Amino acid sequence: MNDGDRSDRFETLSVTYGEEPTPGAPMTGDVVSPIHLASTYALPGLDTDMSLEDLDPSAGDFVYSRLSNPTRHAVEQRIAALEDGEYGYAFSSGTAAIFTFVLAVVEPGDHVVAFDDLYAGTRRMFENVFQDRLKLDVDFVDATDTANVADAMTDETTLVWMETPTNPRMNMCDVRAVADVAHEHDARLGVDNTFMSPYFQNPLALGADAVAHSTTKYLNGHSDSVGGALVTDDDGVAEEVEFLQTVGVGDMLSPFDSYLLMRGIKTLPMRMERHEANAMAVAEYLEGHELVDAVHYPGLQSHPQHDLAAEQMSGYGGVLSFELAGGIEDAKRFLEALEEFTLAVSLGGVESLVELPAGMTHEPLAPEEREALGITDTLVRASVGVEHVDDLVADLDRGFDAMVDGAEFETAPAADD
């Protein structure tokens, strides 16, 4: 992906890649990419031999911001470089990125194999849009065992869709092994890499054909921008995605959000190191607590896929989930007592967030589906931020105290009149 003698070290790419002056543009000395708000661009003349497909943003060819925008182009280059991919595209959300990729590689009647433990929004997209409305045949399988993926493949399979680690149980698939299975059947493999970010995991290097991100999360990292990204090395996929993004769907990241994303990526390496260190400390604390029945974090030796995590990732990320003892009322008391962990959906920001999937992100799933995925009424997902870890542990103590106090209050004898 990188040209000439430029460094390909992740930390350097995060800070500078994609912000070189555009050829032919005035040399204003901007250290960071300006926010180009223009919706249209003046042309030097009328070239009747050039089509829109001939435009090259890297050479300063801009016509209309739905097609390409200098700020968006810069961040697309940077994300592609971080994933060590050839083509990068920035969308208005992670959902839009996944939707566009799927449209790019399937046709009505095709077969898709997907991880059963997906983010609920992604699963609903596959079920309610691609399966019910666009007539794809979608099989959801437990991809923690690659054999289940292989068994589900058919002659009509054109796409395998994975998310690793999964949301919220932190289950994983062997990306390299799943890629081999997909390619044996001439299918493409797409991987949602949101939880790990390109700092800790690179699915393209493991054989995936495309990698998607909700840039809202770790790439931006400050909970102030919604966006998505797709990176691929596949020329055919790139051609279809570019057509769909600019013409077929017309979905793109705004210039201001592109600027925020570019700004956030500059600190990605430092943030990810702190997220991981704090998450590991919190996971170890929770694992030893008497009011916690289970902790799901790939950095723990107790995680059933810890060895796979150590093999295909360079770190374990900042998200974990854990199951509280008791029932949903105990979980409610715990969550509502927290002060440093904010009760909110989303993840990957510098601040610590906590949520109850059964009542929030995964509530749209039927109870039997949640049960099959192991999403209990007391499963808590935590996005561990970059605050001082002692403050985070003290906050969790506050939540556990509320659980105990509430239980004691419920069982205490009624006072005499």
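Rules behind the numbers
Residues numbered from 1 in each chain as written. Predicted model: local features only at pLDDT ≥ 70, side-chain atom pairs only at ≥ 80, totals over all residues. Heavy atoms only, no water. Helix = DSSP H or I, 4+ residues; strand = E, 2+ residues; numbered from the N terminus. Rg over C-alpha atoms; globule rule 2.2 N^0.38 Å. Buried < 20%, exposed > 50% of the residue type's maximum accessible area, 1.4 Å probe, protein only. Areas by Shrake-Rupley, 256 points an atom, 1.4 Å probe, with all protein chains shown as cover. Lys, Arg positive; Asp, Glu negative; His and termini not counted. Charge placed at Lys NZ, Arg CZ, Asp CG, Glu CD. Patch = residues over 30% accessible without salt bridge, like charges linked within 9 Å, V, L, I, M, F, W, Y side chains within 5 Å. Salt bridge = Lys/Arg side-chain N within 4 Å of Asp/Glu carboxyl O. Contact = heavy atoms within 4.5 Å. Polar contact = N/O pair within 3.5 Å; in protein donor to acceptor, adjacent residues only side chain to side chain. pLDDT = per-residue confidence, 0-100. Pairing = 2+ DSSP bridges. Axes fitted to C-alpha atoms, helices over the stretch in contact; angles between N-to-C directions.

A. Representation of the overall build of the protein in the model. Along the protein, the regular secondary structure elements total 14 helices and 12 strands. The C-alpha radius of gyration computed for the protein amounts to 23 Å, which stays within 12% of the reference 22 Å derived for 417 residues, consistent with globular compactness. When its C-alpha atoms are laid out on the principal axes, the protein stretches across 90 × 55 × 40 Å. Classification of the 417 residues of the protein by burial places 54% in the buried group. Element-wise, carbon and sulfur atoms account for 49% of the exposed surface of the protein, whose accessible area totals about 18,200 Å². Taken as two groups, the 22 positive and 78 negative side-chain charges of the protein have centres that lie 5 Å from each other.

B. Representation of a nonpolar patch on the surface within the structure. A surface patch of nonpolar side chains, about 300 Å² in accessible area, is lined by Ile35, Leu37 and Phe256. Position of Ile35 relative to the elements: it lies in the loop between helix H1 (10-16) and helix H2 (70-82).

C. Here's a closer look at the environment of Asp233. With respect to the secondary-structure elements, Asp233 resides in the loop between strand S7 (228-232) and helix H8 (235-248). With 29 residues separating them along the chain, Asp233 and Leu204 place their C-alpha atoms 7.8 Å apart. What Asp233 contacts, discounting residues up to four positions off in sequence, is Asp84, Gly85, Glu86, Tyr87, Leu204 and Asp209. There is a polar contact of 2.7 Å between the side chain of Asp233 and the backbone nitrogen of Glu86.

D. Focus on the side chain of Glu276. Assignment of secondary structure puts Glu276 in helix H10 (residues 268-287). Despite its burial, Glu276 pairs with no opposite charge, the nearest such side chain being Arg274 at 11 Å. A polar side-chain atom of Glu276 sits 2.9 Å from the main-chain amide nitrogen of Tyr316. Ignoring any residue separated from it by four or fewer positions in sequence, one finds Glu276 in contact with Phe200, Tyr297, Gly315, Tyr316 and Gly317.

E. How the structure looks around the confidence of the model for the protein. Mean pLDDT for the protein: 92, with 93% of residues reaching 70 or above. Of the regions scoring below 50 in pLDDT, residues 411-415 engages in zero contacts with residues more than four places distant in sequence or in other chains.

F. View of the sheet that holds strand S9 (residues 319-324). Taken in spatial order, the five strands of this open sheet run S8-S9-S12-S11-S10, and their pairing is mixed. Single-partner strands in this sheet number two, and they are strand S8 (292-296) and strand S10 (342-343). With respect to the sheet, H10 is in contact with S8 and S9, its orientation differing from that of S9 by roughly 15 degrees. Relative to the sheet, helix H12 (residues 328-337) contacts S9, S10, strand S11 (353-355) and strand S12 (379-383), its axis offset from that of S9 by approximately 135 degrees.

G. Spatial organisation of the pairing of strand S1 (residues 87-91). The element S1 is largely enclosed, with a buried count of four among its five residues. As defined by bridge partners, S1 adjoins S7 across five bridges and the pair is classed as antiparallel. Counterpart to Tyr87 in the pairing with S7 is Thr232.

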